[in-house]
Amino acid sequence: MQVALLTLFPEAVEPYLGASILAQAQQKGRVGVRAIDIRDFTRDRHRTVDDRPYGGGPGMVLKPEPVSDCIEWLEREHGPYHKVLLTPDGVPFRQAKAHALAGIERLLLLCGRYEGFDERLREAYAWDEVSLGDFVLSGGELPALCVLEAVVRLVPGVLGHEESAVRESFEQGQLDHPHYTRPPTWRGRSVPDVLKSGDHSAIERWRAGEARRRTQARRPDLVSE
Ligand SMILES: C[S@@+](CC[C@H](N)C(=O)[O-])C[C@H]1O[C@@H](n2cnc3c(N)ncnc32)[C@H](O)[C@@H]1O
């Protein structure tokens, strides 16, 4: 998978791209990620990426031309991209969308800033418009990194066997079961005996029951979906 992350702040995303799972995925050659500075596609000497909103009001709006020039350059160089636009009014991001995106060959993530994008840019391309949730951040960089990490974890060969995503929350329509590690007793709280029993089918039953209980209690909406 090749990923182009379009941003006005590549320096904000690069450290995260260079650490942990995202770095390992790139080192293993499973994913190539490139942070691209939208400002490099401006044509004026001030490298202007934003302007005042028509109709007045506070804040600035991202101009469409640098973004479209960037997209069109990328597509000329590499071919078509599946385009994801990060925006609070997009479709809330879910694990199912992460799975859908994990199978894509070329993924483009567009991060907004200021008041967001000129509406015509949204109309000009077939965007997958994605929201990270019902809150407003100052930019799309954190949402883009969240989406990217959720997707990259699902690309075959990225997670080791022991970290396999198959049993995690939202994969089977429910939350994960509780986890324990050493010490066997901590602050008077003991690890459930079944987990120390060595009886793998009893452990599986316990985990399945706990996952069901936890889902019912915390996310009944997942049960009824
Ligand atoms: C300050 S926000 C713009 C908010 C916009 N005026 C609104 O009220 O919906 C600037 C940029 O941050 C990103 N952003 C902020 N919150 C987000 C969220 N919940 N999900 C995805 N992207 C978000 C988007 O890329 C957005 O264009």
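Quick notes on the rules
- Residues numbered from 1 in each chain as written.
- Predicted model: local features only at pLDDT ≥ 70, side-chain atom pairs only at ≥ 80, totals over all residues.
- Heavy atoms only, no water.
- Helix = DSSP H or I, 4+ residues; strand = E, 2+ residues; numbered from the N terminus.
- Rg over C-alpha atoms; globule rule 2.2 N^0.38 Å.
- Buried < 20%, exposed > 50% of the residue type's maximum accessible area, 1.4 Å probe, protein only.
- Contact = heavy atoms within 4.5 Å.
- Lys, Arg positive; Asp, Glu negative; His and termini not counted.
- Charge placed at Lys NZ, Arg CZ, Asp CG, Glu CD.
- Core = buried A, V, L, I, M, F, W, Y, C linked by side-chain atoms within 4.5 Å.
- Domains from an automatic or database assignment.
- Pairing = 2+ DSSP bridges.

### So, the overall build of the protein
- Each helix and strand counted, the protein has eight helices and nine strands in total.
- Against the globule reference of 17 Å for 225 residues, the protein gives a C-alpha radius of gyration of 22 Å, more extended than a compact globule.
- Counting all 225 residues of the protein, 44% fall into the buried class.
- Sequence-distant contacts in the protein: of pairs separated by 6 or more residues, those separated by 24 or more amount to 73%.
- Of note, the protein has its 30 positive side-chain charges centred 6 Å away from the centre of its 34 negative side-chain charges.

### Some thoughts on the nonpolar core
- Grouped together as the largest cluster of nonpolar side chains are 34 residues, with contacts concentrated most on L109 and L148.
- Those elements that place two or more of their residues in this core are β1 (2-7), α1 (10-17), α2 (20-27), β2 (32-37), β5 (82-92), α4 (95-102), β6 (106-110) and α6 (141-152).
- Considering every element that reaches this core, the biggest residue donor is α6, with seven residues.
- Residues in contact with L148, not counting those within four places in the same chain, are V3, L5, L17, L22, V33 and L109.
- Residues L6, I38, V67 and Y81 belong to the second largest nonpolar core, which totals 20 residues.

### Focus: the domain arrangement of the protein
- The domain boundaries assigned to the protein delineate domain 1 (2-152) and domain 2 (171-224).
- For domain 1 versus domain 2, the separation of C-alpha centres amounts to 37 Å.

### Topic: the pairing of strand β7 (residues 127-131)
- Across the five residues that make up β7, a large majority, four, are buried.
- The sheet contact formed by β5 and β7 spans six bridges and is parallel. Bridge pairing in β7 places L85 opposite E129.

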